[in-house]
Amino acid sequence: MCSIIGYKGNEHASTLLIEGLKKMEYRGYDSVGIATIKSGKLLIRKGVGKVAEVNKSLRLDELPGKLGIGHTRWATHGGIVDSNAHPHLACNSTIAVVHNGIIENYHELKDELYRSGHKFNSETDSEVIAHLLEEYFEITGDIRLSMIFTCKRLVGSFAFVAVFNSSTLCGARYDEPLIVGVGHDDYFLSSDILGFLNHTDRAIFLDNRDIVVINDSDISFFNFDGDRISRKITQVAWELGDADKGKYSHYTLKEIHEQHQTIVKSMDQDKKNLEKFCKIITDAKNVFITGSGTSYHSALIAKQIFSKSKIHVEPIMSSEFQYSADLLDENSVLLAISQSGETADVMHSVKSAKEMGAKVLSIVNIPTSSLARLSDSYLEVNCGPEIGVAATKSFTSQIALLYHVADLIGKKSNGIFASKDVLTKAIKQVLELDSHIESVANQIKGSKDIYILGRSLHFPICLEGALKIKELSYIHAEGMAAGELKHGPLALIDNNSIVIVIHPNDSTYGDTLSNIHTIKSRGAKIVGISNKKDEVYDYQITIPTINESLYPLIEIVPLQLLAYYLSICNNANPDYPRNLAKSVTVK
Ligand code: AGP
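What counts and what doesn't
- Counting restarts for each chain: residues are numbered from 1 in the order of the written sequence.
- Only residues with pLDDT of at least 70 are given local features in this predicted model, and only at 80 or more are side-chain atom pairs given and counted; all residues enter the totals for whole chains, interfaces and linings.
- Only hydrogens and water are removed before side-chain values are computed, so all heavy atoms of the structure are retained for them.
- Residues enter a nonpolar core if they are buried and are Ala, Val, Leu, Ile, Met, Phe, Trp, Tyr or Cys, with the set joined through side-chain atoms within 4.5 Å.
- We call a residue buried when its accessible area falls under 20% of the maximum for its residue type, exposed when it is over 50%, and partly exposed in between, using a 1.4 Å probe and counting protein chains only.
- Numbering of helices and strands starts at the N terminus; helices are DSSP runs of H or I of at least 4 residues and strands are runs of E of at least 2.
- Any two residues whose heavy atoms approach within 4.5 Å are treated as being in contact.
- Criterion used throughout: strands pair if DSSP finds at least two bridges between them.
- Here, the term right-handed applies to a crossover whose path from the first strand over the helix to the second runs clockwise when the strands point away from the viewer.
- A single heavy atom is enough: if one lies within 4 Å of a molecule or strand, its residue is considered near that molecule or strand.
- Contacts described as polar in this section are N or O atom pairs within 3.5 Å, which, within protein, must combine one atom able to donate a hydrogen with one able to accept it, while residues neighboring in sequence count only if both atoms come from side chains.
- Surface accessibility in these figures is a Shrake-Rupley result with a 1.4 Å probe; residues are shielded only by whichever protein chains are displayed.
- In this analysis, axes come from line fits to C-alpha atoms, helices being fitted only over the stretch in contact, and the angle between any two N-to-C directions falls in the range 0 to 180 degrees.
- Multiply 1.5 Å by the residue count of a helix minus one, and that product is the helix's expected span.
- Working note: the arc is built from the helix axis to C-beta atom directions.

For the rest of this paragraph, the subject is the nonpolar core. Counting residues in each nonpolar core, the largest one holds 81 residues, and the members touching the most others are Val-405 and Ile-450. Among the elements that line this core, the one with the most residues is helix α17 (residues 552-569), at 11 residues. Apart from the residues lying within four places of it in its own chain, the contact partners of Ile-450 are Ile-444, Ile-469, Ile-475, His-476, Ala-477, Glu-478, Ile-498, Ile-500 and Leu-566.

Here is the structure:
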């Protein structure tokens, strides 16, 4: 996902822009650029690479001026080349723009602008914004009107920030986050509060169809219809910005090692809000749950947890939601799970649920996110900023909170609230196996395919473990229900296969053991994750014995560590996996 930032004030803009972009690097990107205004002249430098690399080669932070914009690009339209990096200029180089999102009608706009004489320098959709602003500014001579007319022409998702060489900074958003940072006598515009949190904790969260214009005299807000609107300042939590790696070599490893604490914090909820949240579920005729990637795996766990409490919850993958939205009506509730609260697939699902008259609940890690603000009620997982692109602590916090909600409204309790100390101790014990798990990773690092098998509640953990391995180490991994092996996948198993089995001594133990013998007889190497010692495994990762229904909270930890160490073995960067973004705000 791209990151955008703008600054207007009395400080050296380029230094603050680079600092802000570095704080947002975790969102994923492939190129970087900034533009500043100095004495009415627009200066720009941009290129492919990481912020530190491009800053070193082009001295981005030496651009003069107290007004500027910056961008890190995650390519959607146009190759990863310098000319496609943002900012993008209008023809007369008096306007520069940075953009996050997708302009769906950019071909039509580009043709129209081309016909009226505009010259384009990139293959991107974003560049049309700069030329539209220029076109409308030439007609109206008014920046506010240029912004309004431009926004009305754009179809798709966008948050963009523009500078005019008349020393004006402006921005607009639709379906992509854009936040104003309000300093003492200066302003930031950013995709993420981390972009300016080192300088101010006073933020204005723009809503869809908001436009902001900041000039030398004041800051003003409008909607796309040109009506002046007012927006309030929110004090954001400073601790959101306290993400640092501490003693760990990567954020991902640090966040894995925080889980014995974060799962407990997830159950620390405001009583009234939790009661309201639960009542919306119990009052609903039918309950649907949605998420993407790891958050969808949480939804699959929720289905099994709630069904044990006699509550039917239907999981629908967010990217598939639009094909089954007819199931919802005014008696439905949709529970959306999302760490970032900005995932486009989730946001589209929630919007269609609202159109069907359903109520919307959400479980998020960012309470100021678009999803939280769109929900009838939401719960925070409280796991602190998760910087690593791979979801780790947010996953265990999501499922811990889902167990807690199920226990509060279900007929049968998993006893998670009473098991906090047991779980803390159990996860700590697994984390202490870190170096053993690293050695197992070294044993299996050369594999081309890794299969992860389990049954019942362990099956969604197999899917999540496989996603972690794919995402972090780029090794193909497949999670599957152990009982399905004989219905086809067994054809793939041979003496080069690595099969990880989630196999605690619980009600699934016997059936899965027979699967293990079947695999073993075909020469595969077995990694057993179990609380029971057994020679059948080639490598064993021993987890503590706990209440059977709570195993998902601890058995995912060895898989997260295995994926992390496989990433290191394969010289990948676990914090910034290739091609991925922390929050996928495009469909
Ligand atoms: C998980 O490790 C991935 N980074 C990805 O699948 C992620 O879970 C998915 O994009 C959903 O993100 P969200 O929870 O912020 O909505």
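Along strand β16 (residues 286-291), five of the six residues are buried, which leaves the element largely enclosed by surrounding structure. Sheet topology note: the β16/strand β18 (residues 332-338) ladder contains five bridges and is parallel. Paired with Phe-288 across the strands is Leu-334, a residue of β18. For β16 and strand β17 (residues 313-317), the ladder comprises five bridges, and the chain directions are parallel. By the bridge assignment for β17, Val-287 is matched with Val-313. Once the chain exits β16 it traverses helix α9 (residues 293-308) before rejoining the sheet at β17, and the crossover so formed is right-handed.

Okay, the site of the ligand next. The ligand sits among 14 residues. The nearest are Ser-295, Ser-338, Ser-340, Thr-343 and Glu-471. Measuring from an oxygen atom of the ligand, one finds a backbone N or O atom of Ala-391 at 2.8 Å. Take Lys-468: an N or O atom from its side chain is 2.8 Å from an oxygen atom of the ligand. Taken by itself the ligand offers 410 Å² of open surface, and the protein chains cover 91% of this.

This part covers the sheet that holds strand β1 (residues 3-8). If you trace the eight strands from one edge of the open sheet to the other, you get β3-β2-β4-β1-β10-β9-β11-β15, paired in antiparallel fashion. Of all strands in the sheet, those bounded by a partner on one side alone are β3 (41-48) and β15 (234-235). Helix-sheet contacts for helix α2 (residues 51-58) involve β2 (31-38), β3 and β4 (67-73), and the interaxial angle to β3 is about 125 degrees.

Once that is clear, we can look at helix α8 (residues 271-283). When the terminal C-alpha atoms of α8 are compared, their 18 Å separation across 13 residues agrees well with the 18 Å that a helix rising 1.5 Å per residue should span. Regarding α8, the residues found buried are Leu-274, Phe-277, Cys-278, Ile-280 and Ile-281. One face of α8 carries all of its buried residues, which in axial projection span an arc of 150 degrees. Facing away from the buried surface of α8 by more than 90 degrees, the exposed residues are Lys-271, Lys-272 and Asp-283.

As a further point, take the environment of Ala-35. Tracing the chain through its elements places Ala-35 in strand β2. Judged by relative accessible area, which is 0%, Ala-35 ranks as buried. Separated by 55 residues in the primary sequence, Ala-35 and Ala-90 have C-alpha atoms spaced 13 Å apart. Once residues within four sequence positions are removed from consideration, Ala-35 is found in contact with Leu-17, Leu-42, Leu-43, Ile-44, Leu-67, Gly-68, Ile-69, Pro-87 and Ala-96.

Within the secondary structure, Ala-372 is located in helix α11 (residues 370-374). Judged by its relative accessible area of 3%, Ala-372 falls in the buried class. Setting aside residues up to four positions removed in sequence, Ala-372 forms contacts with Ser-362, Val-364, Ile-366, Pro-367 and Tyr-378.

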